[in-house]
Amino acid sequence: MTPSVRSRLWASAVSFALGFGAGNYGVLMIAKPDQWLWIAVSVVLMLTGAAGVLFADTARAVSFWAVLGGEIFTVLTLVPLLWTFRVATTPDGVTPRTLWPQDVTWAAFDGAISSDTLRDAAGTSLLVAALATLVAMPLAVSAAYALVHLAAPGRRWVYGFVLAALLMPVLALAGPFADQLIDLGVYGSRLALVIPTLVITLPLATWLCVTVMREASWGLLDAVRADGATRRQMLRRFALPHLGPGIVVVALLVFVAACNDFALGAGLAPDRPSLPLPATLMLASGRVDGSSAVAAAGLLWLLLPLALLLLLPRRINHLLGRSYR
Amino acid sequence: MTSIELRHLTTDGPGARPLLDDINLTVPDGTTLAITGPSGAGKSRLLRTIVGLEEQSSGDVLIDDIVVNAVDPRGRDVAMVFQDFALHPHLDVFDNLAFSSILRKGYDKVELSDRIHEVAELLALTDLLELRPAELDEAQRQRVALGRSLVRDANAYLFDAPFTAQPERVRTHVRSVTIQRQQEASRTSIFTTNSVEEALSTADRVAVMHQGFIHQVGTPRELYDSPADMFVAGYLGSPPMNLVPAFPDGQQLVTPLGTMLLDDPLIERIGDRSIVVAGIRPEHCHDATSVEAAAVKDRVEFTTRIDDVEWRGSSQFAYLGYEIEPEIEALMAEVEDLLEFDLFQSFLVAQLTAESVLRAGMSIRVVIPRQRVHVFDPETGENLTLPR
């Protein structure tokens, strides 16, 4: 559907006004290096406005509200990232005052990598997340198969329960879990974190696996059965090619989600070495040398999901429910 | 090779009506059976039950006179073509064709490859062997699904609506090569189809199925000449048989169009019914001035007005309207509701020779051979003309 001329003109006007405002504010109020950022943003916004007017009365399938939204989203995402990068690359003893990086040093990255605290924390996070994912996946796959494929009574309720667990604030569980771990005498051990982390991995994995299972062509399984496949052949010739890739992506997403858990780690681990990385970054910044190192570690930690997204963009997009052309 | 037998096969449905309703069917070794019926008749369900993908509530499936109720699909070894083709998207056509054969140990690679090429040749797939299903059009995909079963060496072959996606021009060809190959290898096959003409022209025997129930099984000729009930009569043939309400009156049967004499045995079978349904095939109606009409000795005749004419080249259809009482119409609507199928019209279709000069509005004298008129019970649908 082509948007109406009126809607495009409104989008142009809004975008132009925003750009004009940002440009003036930047020129009048902001000091030198950052001024250029303000001006760049304002130029892009005002050009969008101009393009909106030019294309207003054409049949091109472009929504300028969407373009404007995309631009604002980009700014809102990139500015915090740029700021984190700025903090991470600021030399010791200097307080960053501008957004644009100046006197870039990479010392903090070296510090973050060589810091024992951060290395232990990263190790804990990865180990706990990997184990929790490993335990959750077989359970989630079977649960999702049952939810999608078996005509069990009450499966809607079970699915609703899975979704509720997914939306539940994990922090609410951290206290009771901590009490239990203290009673069991394992409070503070790395492995003790695995079971509470299942609260995050299990519902998420089940929910995503349900999507995978729903999209599988079960008619094909019937055909494979009618062709006379044994149980093992069904696994190899149907499950592996048709469900395998989806399940691997689910496992990776769940692993990343578990890695990024903050609440459980902060609530259940008193001290290093069992404190996971996100919690360490938040709570233990005093113990790590300076805020630069924390910012640097945060940026390094970001590489994990980034790699995942770059490697499997199509599957992830598809899985998370976006149509992808 | 193998015979298939079904005994009192019943599958309960979610509602009151069963999905499969006490089905008894025998497919002798090496023959082809077509199951035809409107969509939703339970044809696919029946095939899936024979293959072993669905379980019946009661009754037995016998393959080669052995009850296989508890045997899994692998043990039954019955090939099936699915309505949705069920191809593997990640395999090319060759691998799809080979798929079912490589699931069993001890196949000969060279022999299998030869067989695949032979089947591909038969179904015009030779140039497509290296393509994936996504690169094929619907008709080609369906032929791959068909080929996958033909390549396989199974006990019996089930085809669920196997020719629907073929374009009109190719369909007859695909159908004949498939059935021919099956017959040459004397393989037992069952196929389902929506098309009556396909069922009648292709199979050794035809079963007419509706609402999970098999109304009649027989050779195409038996079904056409002596339909067991009103549904079979109304479903077979194109255009279908005219079903006209009629009222027995002593020796006579009074229809809205004309009156015919009844034989004694038929009078006896009609008994004290006050209303019956007369079935007349369009192709049994003749223009009184034509040569065919002159040859008819024992005849029913009536004169009426032509409402409309459709000229078809080889023949022409004359639509002859008639009036029926509202209460009779209500009774017929009730029967249609019960059957969930449109059987009755308020006009009679006559298929006449193309030579007769006919115009809408003119009056025509129609001649029907008396022995060709069927009489049905409107409530049970039973064909009263057939000797019991």
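Procedures and definitions
- Residues numbered from 1 in each chain as written.
- Chains lettered and ligands numbered in written order.
- Predicted model: local features only at pLDDT ≥ 70, side-chain atom pairs only at ≥ 80, totals over all residues.
- Contact = placed C-beta atoms within 7 Å.
- Helix = DSSP H or I, 4+ residues; strand = E, 2+ residues; numbered from the N terminus.
- Nonpolar A, V, L, I, M, F, W, Y, C, P; charged D, E, K, R; others polar.
- Domains from an automatic or database assignment.
- Buried ≥ 20, exposed ≤ 12 C-beta atoms within 10 Å, placed from the backbone.
- Arc of directions from axis to C-beta.
- Pairing = 2+ DSSP bridges.
- Axes fitted to C-alpha atoms, helices over the stretch in contact; angles between N-to-C directions.

### Details of the interface of chain A and chain B
And step 1. Facing 12 residues of chain A, the contacting portion of chain B comprises 15 residues.
And step 2. Among the secondary structure elements, those contributing two or more residues to the side of chain A that touches chain B are helix H9 (218-226) and helix H10 (231-259) of chain A.
And step 3. Per element, the largest residue contribution to the side of chain A that touches chain B is six residues, and it comes from H9(A).
And step 4. Classifying every residue of the side of chain A that touches chain B by side-chain character gives five nonpolar, four polar and three charged.

### Topic: the domain arrangement of chain A
And step 1. Per the domain assignment, the segments of chain A are domain 1 (5-105) and domain 2 (111-319).
And step 2. The partner domain 2 of chain A presents seven residues to the six residues of domain 1 of chain A that form the contact.

### Some words on helix H4 (residues 107-114) of chain A
All names here are of chain A.
And step 1. All of the buried residues along H4 are Ala108, Gly111 and Ala112. Down the axis of H4, the sector holding all buried residues measures 95°, keeping them to one side. Facing away from the buried surface of H4 by more than 90 degrees, the exposed residues are Asp110 and Ser114.

### Considerations on the sheet that holds strand E13 (residues 259-261) of chain B
Residue and element names in this part refer to chain B.
And step 1. Read from one edge of the open sheet, five strands run E13-E12-E11-E14-E21, paired in antiparallel fashion. Of all strands in the sheet, those bounded by a partner on one side alone are E13 and strand E21 (374-376). With direction set aside, neighbouring strand axes in the sheet form an average angle of 35°.
And step 2. Where strand E11 (residues 242-249) and strand E12 (residues 252-254) come together, three bridges link them in antiparallel fashion. Counted as the bridge partner of Phe247 is Val254 from E12.

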